[in-house]
Amino acid sequence: MTKIADLLAAGPTFSFEMGGPKTPEQQQRLERVLGDLEGLHPSYVSVTYGAAGSTRDGTIEVVRHLAAETSMTPMPHLTCVAHTRDEVVGLVKGYADLGLDNLLALGGDAPADGRVYPSDFAYAMELVELAREIGDFCIGVAAFPEGHPRSPDMASDRRRLAEKLRAADFGITQFFFDADDYFRMIDDLAALGVDKPVLPGLMAFVNVEGLRRMAGLNEAKIPDALQARLDEVAGDVDAVRALAVETCSGLAQRLLDAGAPGIHLCTLNYSCPARQIWANLGLA
């Protein structure tokens, strides 16, 4: 395997995020998507864990598939919500046994059913510290260019993010649509003495309602001009995907031109938009 920090030290990385499957059918479909994208030679592939560990088994199986049956480097997500220390230790040791070098430590999403699950962890920093105790992992953490939804103000958000990045090796952002928000975050971190690479996370959205729902949950602003275009294409699958490709390609190019250390694309488990974006960036 390969540590993502080493890849970043060598130059920009270009990677995909996949959602952990909940059923055997979803897993089979995802493996086909991964097969389609393997030829693009991504730097690595992250696999989400689902709210309250809802995709636990599927995530583990996809990570095993990536490690054993593809040439791609996997990075599983770890989350705090609804997990005991023993459960997380078991997960991390299992990933170490698979020979994995990379983990993404996250606070995690609250369950959609609104239930409150007991957890031994409150913050992603605790997961970083635990993983460091267990193995020699390269660890990433989440960043929010527009501020974490639960942060009381931007200054405290940046201080906490700086603290996480000092303990971790790199960051990946929540999706956003204004490059200036990303670069302001980088400037804020530099002012706090932190220069760890933070990768822009972009969303290759596939439907208007889903994008707006996710943006609302994460308090990610959708610019007025994009809102108007979303209204125009709502309900037209092909037009929505074409708009997603156009939006992500343009934003990614601006970020790269201004010195971003790479692009991490949330695919929502679809290969066609990802392939088109990669082609537009000259990566295919």
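Residues numbered from 1 in each chain as written. Predicted model: local features only at pLDDT ≥ 70, side-chain atom pairs only at ≥ 80, totals over all residues. Heavy atoms only, no water.

Colleague: Which residues make up the packing of aromatic side chains, and what values go with them?
Modeller: Following the criterion strictly, the structure yields five aromatic pairs and no others. Both rings, one in Phe16 and one in Trp278, keep their centres 4.5 Å apart while their planes meet at 35 degrees; by these two values the pair is tilted. Of this pair, Phe16 sits in strand S1 (residues 13–18) while Trp278 sits in helix H11 (residues 272–280), and the two are 262 residues apart along the sequence. Summarising the aromatic geometry, the rings of Phe176 and Tyr182 are spaced 5.9 Å apart at their centres and angled 5 degrees between planes, so their arrangement reads as stacked. Here Phe176 matches Tyr182 in class, with each residue buried. Within the aromatic cluster, the residues linked to one another by ring pairs are Phe14, Phe16 and Trp278. The lysine or arginine in question, Arg29, covers the ring of Tyr270, its NZ or CZ lying 4.7 Å from the ring centre. (Phe/Tyr/Trp six-rings, centres within 6.5 Å; stacked < 30°, edge-to-face > 60°. Helix = DSSP H or I, 4+ residues; strand = E, 2+ residues; numbered from the N terminus. Buried < 20%, exposed > 50% of the residue type's maximum accessible area, 1.4 Å probe, protein only. Lys NZ or Arg CZ within 6 Å of the ring centre and 35° of its normal.)

Colleague: Please give an account of unusual backbone geometry that cites residues and values.
Modeller: Even without a glycine there, the phi angle at His41 is positive, about 55 degrees. With respect to the secondary-structure elements, His41 resides in the loop between helix H2 (24–38) and strand S2 (45–47). A relative accessible area of 65% places His41 in the exposed class. In this structure, Glu219 is a non-glycine residue whose phi angle is positive, near 55 degrees.

Colleague: Explain H2 residue by residue, including any values.
Modeller: Under the 1.5 Å per step criterion, the end-to-end length of H2 is 21 Å for 15 residues, consistent within 8% with the ideal 21 Å. Residues of H2 that are buried: Gln27, Leu30, Val33, Leu34 and Leu37. One side of H2 holds all its buried residues, which, seen down the axis, span an arc of 120 degrees. Residues Pro24, Glu25 and Arg32 are exposed on H2 and point more than 90 degrees away from its buried face. (Expected span 1.5 Å × (residues − 1). Arc of directions from axis to C-beta.)

Colleague: Summarise helix H4 (residues 85–97); cite the residues concerned and give the values.
Modeller: Here H4 contains 13 residues, and its C-alpha end-to-end distance of 18 Å stays within 8% of the 18 Å for a straight helix at 1.5 Å per residue. All of the buried residues in H4 are Val88, Val89, Leu91, Val92 and Tyr95. Each buried residue of H4 sits inside an arc of 160 degrees when the element is viewed along its axis, so together they form one side. Residues of H4 that are exposed and point more than 90 degrees away from the buried face comprise Asp86 and Asp97.

Colleague: Outline the packing of helix H6 (residues 154–167) against helix H7 (residues 179–191), supporting the account with residue identities and numerical values.
Modeller: Following both chains from N to C, one finds H6 and H7 inclined at 70 degrees, their axes separated by 10 Å at the closest point. Here H7 runs roughly perpendicular to H6, going by the angle between their axes. On H7, the residues that touch Arg158, Leu161, Ala162 and Leu165 of H6 are Met185, Asp188 and Leu189. Along the lines of polarity and charge, the residues of the contact of H6 with H7 split into five nonpolar, no polar and two charged. (Axes fitted to C-alpha atoms, helices over the stretch in contact; angles between N-to-C directions. Parallel < 35°, antiparallel > 145°, perpendicular 65-115°, else oblique. Contact = heavy atoms within 4.5 Å. Nonpolar A, V, L, I, M, F, W, Y, C, P; charged D, E, K, R; others polar.)

Colleague: So what about the nonpolar core? Which residues, and what values?
Modeller: By size, the foremost hydrophobic cluster in this structure holds 61 residues, and its most contacted members are Leu202, Leu255 and Leu265. Apart from the residues within four sequence positions on either side, Leu255 is in contact with Phe176, Ala179, Tyr182, Phe183, Pro200, Leu202, Ala260 and Ile263. Grouped together as the second largest cluster of nonpolar side chains are 17 residues, Ile222, Leu226, Leu243 and Ala244 included. (Core = buried A, V, L, I, M, F, W, Y, C linked by side-chain atoms within 4.5 Å.)

Colleague: Residue-level account of the pattern of salt bridges, with values.
Modeller: Taken as a whole and judged by the stated rule, the model has 13 salt bridges. Here Arg229 ties to Glu246 by a salt bridge, and the two come within 2.7 Å at their closest N and O atoms. Taken as a pair, Arg229 in helix H9 (residues 224–233) and Glu246 in helix H10 (residues 237–257) lie far apart in primary sequence, 17 residues in all. Note on Arg229: relative accessible area 35%, which makes it partly exposed. Among the charged side chains, a network of salt bridges with common partners joins Glu146, Asp181, Arg184 and Lys221. (Salt bridge = Lys/Arg side-chain N within 4 Å of Asp/Glu carboxyl O.)

Colleague: Residue-level account of the sheet that holds strand S7 (residues 198–199), with values.
Modeller: The parallel open sheet is built from nine strands, whose spatial order is S7-S6-S5-S4-S3-S2-S1-S9-S8. The sheet is open, and its two edges are formed by S7 and strand S8 (201–203), each paired on a single side. Relative to S7, strand S6 (residues 170–173) runs parallel, the two being bridged by two bridges. Bridge pairing links Gly171 to Val198 in S7. On top of the sheet, helix H5 (residues 124–134) reaches strand S3 (74–79), strand S4 (102–106) and strand S5 (138–143); it is set at about 150 degrees to S4, its chief contact. (Pairing = 2+ DSSP bridges.)

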